[in-house]
Amino acid sequence: MSENSPRERILCEATRLFGRLGYSATSVREVVEAAGGTKPTLYYYFANKEALFHECVQEQLVALGLLIDATLAQPGTSREKLTFFLGTFVDGGLQHEDQVRLMAKAHSGFEPGQTKVSLGAAFNAELGRLQVLFRGDTEMAVAIFAGGCFWCMEEAFDPIKGVKQTISGYTGGHVADP
């Protein structure tokens, strides 16, 4: 699908607005205006605002799956592949803050009218595909993942074979209100 298709423009702007403003504060009107479309066009592709929100979230899970595909196809050792994955994942989050905010808001589900999107199972299924990198690799390493307190990082990483322990806590950053 072309990045300039009406559906893609709507998804792009909806992701940006849901990420920045949240579900409740984002209106369908704002999305179509930002996308340069009309409400009938939005409703051609999405049944309602909730369906649009869920599709925005699904797009991020698809992107995670593509990153994992690329990671597994990389040449090199398990460590090199994992380094590629983590670097790309973190860089992507830094470059696409609205997408990160969207996923955090989708999982927390605290806004009026917003249904909580259960990301745990889908996120775990995608990350579980990385288990192949740890088969037969007995080297132990520490990985630090940055996530908001509502991201439930333990839930995503605990079931992965080879993960010995997950701990939530503050690592002592230097940026006020990151």
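Up top is the structure.
Residues numbered from 1 in each chain as written. Predicted model: local features only at pLDDT ≥ 70, side-chain atom pairs only at ≥ 80, totals over all residues. Heavy atoms only, no water.

Asks: Teacher, can you tell me more about the overall build of the chain here?
Replies: A tally of regular secondary structure across the chain gives 8 helices and 0 strands. Secondary structure elements of the chain, listed N to C terminal, follow the sequence α-α-α-α-α-α-α-α. Taking contacts inside the chain between residues at least 6 apart in sequence as the whole, the part at least 24 apart equals 65%. Of the roughly 11000 Å² of accessible surface on the chain, a fraction of 57% belongs to carbon and sulfur atoms. (Helix = DSSP H or I, 4+ residues; strand = E, 2+ residues; numbered from the N terminus. Contact = heavy atoms within 4.5 Å. Areas by Shrake-Rupley, 256 points an atom, 1.4 Å probe, with all protein chains shown as cover.)

Asks: Explain the state of the cysteines to me, please; I cannot follow it from the model alone.
Replies: Defined simply, a disulfide is a covalent bond joining two cysteines at their sulfur atoms. Evaluation of the coordinates by the stated rule reveals 0 disulfides. Cys-56 provides the cysteine sulfur closest to Cys-12, a residue in no disulfide bond, and the two sulfurs are 9.2 Å apart. (Disulfide = S-S within 2.5 Å.)

Asks: When you look at the pattern of salt bridges in this model, what are you seeing that I'm missing?
Replies: Should the charged atoms of two oppositely charged side chains come close, the side chains can pair. All told, the structure shown has 9 salt bridges when counted by the stated rule. When the shortest N-O distance is used, the salt bridge between Arg-16 and Glu-13 registers 2.7 Å. Of this pair, Arg-16 and Glu-13 both sit in helix H1 (residues 6-21), 3 residues apart, which is roughly one turn of that helix. Residues Arg-101 and Asp-98 are paired through a salt bridge, measuring 3.2 Å at the closest nitrogen-oxygen approach. Taken together, the residues Arg-101 and Asp-98, both in helix H6 (residues 97-108) and 3 residues apart, mark about one turn of the helix. With relative accessibility at 34%, the residue Arg-101 sits in the partly exposed group. Assessed through its relative accessible area of 13%, Asp-98 is described here as buried. Several salt bridges share partner residues, and in doing so they unite Arg-20, Glu-97, Asp-98 and Arg-101 into one network. (Salt bridge = Lys/Arg side-chain N within 4 Å of Asp/Glu carboxyl O. Buried < 20%, exposed > 50% of the residue type's maximum accessible area, 1.4 Å probe, protein only.)

Asks: Whenever I open this one, the packing of aromatic side chains confuses me. Can you help?
Replies: Following the criterion strictly, the structure yields 6 aromatic pairs and no others. With 5.8 Å between their ring centres and 15 degrees between their planes, Phe-18 and Tyr-23 make a pair best called stacked. Like Phe-18, the residue Tyr-23 is buried in the burial classification. Arranged with centres 6.4 Å apart and planes meeting at 50 degrees, the rings of Tyr-45 and Phe-46 form a pair that is tilted. Feature note: the residues Phe-18, Tyr-23 and Phe-53 constitute an aromatic cluster, connected by ring pairs. (Phe/Tyr/Trp six-rings, centres within 6.5 Å; stacked < 30°, edge-to-face > 60°.)

Asks: I'm lost on the environment of Leu-72 in this one. Help?
Replies: Within the fold, Leu-72 resides in helix H4 (residues 49-73). With 13 residues separating them along the chain, Leu-72 and Phe-85 place their C-alpha atoms 9.0 Å apart. Beyond its immediate stretch of four places on either side in the chain, Leu-72 contacts Lys-81, Arg-129, Leu-130, Val-132 and Leu-133.

Asks: Would you mind going over the nonpolar core with me for this structure?
Replies: Side chains that are nonpolar tend, in soluble globular proteins, to be buried together. Judged by nonpolar contacts, the single largest core of 22 residues is most densely connected at Phe-18, Leu-42, Leu-52, Phe-53 and Val-57. Breaking this core down by element, the ones donating at least two residues are H1, helix H2 (28-35), H4 and H6. Excluding residues that lie within four positions of it along the chain, Leu-42 makes contacts with Ile-10, Val-28, Val-31, Val-32 and Leu-52. The next biggest cluster of nonpolar side chains, apart from the first, holds 10 residues, and it includes Leu-64, Leu-133, Phe-157 and Ile-160. (Core = buried A, V, L, I, M, F, W, Y, C linked by side-chain atoms within 4.5 Å.)

Asks: For this particular structure, what's the right way to read H4?
Replies: Helical periodicity: at 3.6 residues per turn, an α-helix aligns residues three or four positions apart in one direction. In this model H4 runs 36 Å from its N-terminal to its C-terminal C-alpha over 25 residues, within 8% of the 36 Å that 1.5 Å per residue would give. When we look at burial in H4, the residues that qualify are Lys-49, Leu-52, Phe-53, Cys-56, Val-57, Gln-60, Leu-61, Leu-64, Gly-65, Leu-67, Ile-68 and Thr-71. Its side-chain oxygen at 3.2 Å from the backbone nitrogen of Glu-50, Asn-48 defines the N-terminal cap of H4. (Expected span 1.5 Å × (residues − 1). Polar contact = N/O pair within 3.5 Å; in protein donor to acceptor, adjacent residues only side chain to side chain.)

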